[in-house]
Amino acid sequence: MRRNLLALVTVGLLTVGGLTACTDDDGKTGGGTGKVAARGGDGTGKVGVILPDTTTSQRWGTDDPKLLKAAFDAADVPVEIENAQGDPANFQRIGDRMIAEGATVLIIANLDPASGTYVLNKARAAGVKTIDYDRLTLNGGADYYVSFDNVKVGQLQGQGLVRCLNATKALRGDRPPRIVYLNGAPTDNNATLFKNGYDSVLQPKYDDGTYLKGPDQSVDKWDNKEGRSIFIEMLNQFNNDVDGVLAANDGLGNAAISVLRERKKNGTVPVTGQDAETQGLQNILAGDQCMTVYKPIRQEADAAAKLAIGLFKGQQTKVRGQVKDPQSGAYVPAVLLEPIPIFKEDVSKVIKDGFVAKKAVCAGRFAALCTQNGIN
């Protein structure tokens, strides 16, 4: 099912075979060493997957569960996929239960560092192998990490905003544009990496006076309602004199766009996004959103599943990349995939790739916009 767009993504970062294990299990027999014997590795038990919520991004409620289940079903490996629904205590309960019920591998997309670390610690004590999925759990000590190059995601957002600001320069004249930030959750390491990426693009422009930096705020729990409230305050502070919005994902971007619509400024103030959600793509087609970043989740789900299946079956599990945990200083073996920038002319690629359905993106008033942009 890989299509042309996915051919652009580098996947060759993971090998799983039936040879001698290349994990860190060597010597962990528990026989007088103080170390815990790894559970499973013989095709028994199950793989457990814990996802964070269903409100901050459509992926957690629909895309990832579907793709992960398909990958494990194809390998005939039992899997249980649960969502914590935004509740850290529930995240911990799910982890406790999965471990107690015989999970031999756990994949987690942490909701926050505390509950994520709790589950990873319990898994380690039980000899369960762990994979951080999409988000690195700071100081968590997962055995592996599967995600995208999240600094690159931020760089693409910054570069996209520059491109769109250049396109709207005639509306401003010669005055430097004022940029405001709606960053992701301060507890999410990915949000920090995104910001590192777009700051690397935009900070030099603030330094030389090309751009003006406005408020720079994080949005707790990626909450879109809070993002909307923060953005209203930003606009009020500058009497609506804002020229660009660096929004860390499509949900926060849409929160800003909803306010810009109310103030008759949508389409004149570039807004970034991320995740290539249906709503984000519709906003791009309507001219209200500058761009988004597409992360081919199928690639991420397949890489995580392939790694988990190898661990489940006791096969060789070796990855070529690694990331450094900024809190513990430890290096975590990692699979990092390439993100892809999406502008109006690229929306059709996301649809052709099967990530979103044409009938969803092109519903109602967007049908004509799809036709205008070559989405047939």
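For the structure itself, consult the block above.
Note that the coordinates shown come from a computational prediction; the quantities given were computed from them, not determined experimentally.

Draft legend 1. Spatial organisation of the overall build of the protein chain. A count of helices and strands for the protein chain gives 13 helices and 14 strands. Rg of the C-alpha trace for the protein chain: 22 Å, near the compact-globule value of 21 Å for 376 residues, within the 12% margin. Dimensions along the principal axes, computed over C-alpha positions, put the protein chain at roughly 75 × 45 × 35 Å. The burial tally for the protein chain puts 52% of its 376 residues in the buried class. Pairs at least 24 residues apart make up 74% of the contacts formed inside the protein chain by residues separated by at least 6 positions. Side-chain charges of the protein chain comprise 44 positive and 43 negative groups, with the mean position of each set lying 4 Å from the other.

Draft legend 2. Local environment of the sheet that holds strand 7 (residues 178-183). If you walk across this open sheet you meet the 3 strands as 8-7-9, and the pairing is parallel. Edge strands, defined here as strands with exactly one partner in the open sheet, are strand 8 (212-218) and strand 9 (244-247). The mean inter-strand angle of the sheet, taken between neighbouring strand axes irrespective of direction, is 15°. In the packing of helix 4 (residues 150-167) onto the sheet, contacts are made with strand 7 and strand 9, and the angle to strand 9 comes to roughly 165°.

Draft legend 3. Local environment of the state of the cysteines. Enumeration over the complete set of coordinates arrives at 2 disulfides. Each sulfur in the disulfide pair Cys-164 and Cys-290 lies 2.0 Å from the other. Residues Cys-164 and Cys-290 share a disulfide whose torsion about the S-S bond is about 80°; that sign makes it right-handed. You can see Cys-164 sitting in helix 4 and its partner Cys-290 sitting in the loop between helix 9 (278-285) and strand 10 (292-294), a full 126 residues away along the chain. Residue pairing for Cys-362: its cysteine sulfur links by disulfide to Cys-370, the two sulfurs lying 2.0 Å apart. Taking the torsion about the S-S bond as the criterion, the Cys-362 to Cys-370 disulfide, at about -95°, is left-handed. Like Cys-370, Cys-362 is buried. Cysteine pairing in the protein chain follows 1-2, 3-4, where each cysteine in a disulfide is numbered by its order in the sequence.

Draft legend 4. Structural detail: unusual backbone geometry. Of note in the backbone geometry, Asp-76 takes a positive phi value of approximately 55° without being a glycine. Among the secondary structure elements, Asp-76 is positioned in the loop between helix 1 (58-74) and strand 3 (79-83). Of the residues examined, Asp-76 reaches a relative accessible area of 68% and is grouped as exposed. One non-glycine residue, Lys-264, adopts positive backbone phi at about 60°. Tracing the sequence through the fold places Lys-264 in the loop between helix 8 (250-262) and helix 9.

Draft legend 5. Structural view of the environment of Asp-208. Tracing the sequence through the fold places Asp-208 in the loop between helix 6 (189-207) and strand 8. Residues Asp-208 and Gly-86, 122 residues apart in the sequence, show an inter-C-alpha distance of 41 Å.

Draft legend 6. Inspection of the sheet that holds strand 4 (residues 103-108) at higher detail. As summarised here, the arrangement of the 7 strands in space is 3-2-4-5-6-13-12, forming an open sheet in which the pairing is mixed. Bordering the open sheet on either side are strand 3 and strand 12 (321-324), each of which pairs with just one other strand. Across this sheet, the average inter-strand angle for adjacent strands is 25°, counted without regard to direction. Examined bridge by bridge, strand 2 (residues 46-51) and strand 4 share 5 bridges and lie parallel to one another. Looking at the pairing, Val-49 lines up with Ile-107 of strand 4.

Draft legend 7. Expanded view of the environment of Asn-121. The topology assignment puts Asn-121 in helix 3 (residues 113-125). Considered as a pair, Asn-121 and Gly-140 are 19 residues apart in the sequence and their alpha carbons are 7.3 Å apart. Here Arg-124 takes part through its side chain, which lies 2.8 Å from a polar atom of the side chain of Asn-121.

Draft legend 8. Geometry of the packing of aromatic side chains. Tallied over the full model, the rule gives 3 aromatic pairs. With a centroid separation of 5.5 Å and 55° between ring planes, the pair formed by Tyr-181 and Tyr-198 is classed as tilted. Residue Tyr-181 is located in strand 7, and its partner Tyr-198 is located in helix 6; the two are separated by 17 residues in the primary sequence. In this structure Tyr-181 comes out as buried when scored by relative accessible area, which is 0%. Considering the side-chain rings of Phe-194 and Trp-222, the 6.4 Å spacing of their centres and the 70° angle between planes classify their relative orientation as edge-to-face. Of the two residues, Phe-194 sits in helix 6 while Trp-222 sits in the loop between strand 8 and helix 7 (224-237), which places them 28 residues apart along the sequence. Each member of the pair, Phe-194 as well as Trp-222, is classed as buried. Residue placement shows Lys-213 over the ring face of Tyr-181; its charged tip is 5.1 Å from the ring centre.

Draft legend 9. Expanded view of the packing of helix 1 against helix 10 (residues 297-313). Between helix 1 and helix 10, the least distance of the axes is 9 Å, while the angle of their chain directions is 45°. On the basis of the axis angle, helix 1 is oblique to helix 10. Judged by the sense of rotation from one axis to the other, the crossing of helix 1 with helix 10 is right-handed. Here helix 1 contributes Arg-59, Asp-63, Asp-64, Leu-67, Leu-68, Ala-71 and Phe-72 to the contact with helix 10, which in turn contributes Ile-297, Arg-298, Glu-300, Ala-301, Asp-302, Ala-305, Ala-308 and Ile-309. For the contact of helix 1 with helix 10, the per-class residue count stands at 9 nonpolar, no polar and 6 charged.

Here is what the cut-offs are and how they apply
Residues numbered from 1 in each chain as written. Predicted model: local features only at pLDDT ≥ 70, side-chain atom pairs only at ≥ 80, totals over all residues. Heavy atoms only, no water. Helix = DSSP H or I, 4+ residues; strand = E, 2+ residues; numbered from the N terminus. Rg over C-alpha atoms; globule rule 2.2 N^0.38 Å. Buried < 20%, exposed > 50% of the residue type's maximum accessible area, 1.4 Å probe, protein only. Contact = heavy atoms within 4.5 Å. Lys, Arg positive; Asp, Glu negative; His and termini not counted. Charge placed at Lys NZ, Arg CZ, Asp CG, Glu CD. Pairing = 2+ DSSP bridges. Axes fitted to C-alpha atoms, helices over the stretch in contact; angles between N-to-C directions. Disulfide = S-S within 2.5 Å. Polar contact = N/O pair within 3.5 Å; in protein donor to acceptor, adjacent residues only side chain to side chain. Phe/Tyr/Trp six-rings, centres within 6.5 Å; stacked < 30°, edge-to-face > 60°. Lys NZ or Arg CZ within 6 Å of the ring centre and 35° of its normal. Parallel < 35°, antiparallel > 145°, perpendicular 65-115°, else oblique. Left-handed = near helix turned anticlockwise from the far one by under 90°. Nonpolar A, V, L, I, M, F, W, Y, C, P; charged D, E, K, R; others polar.

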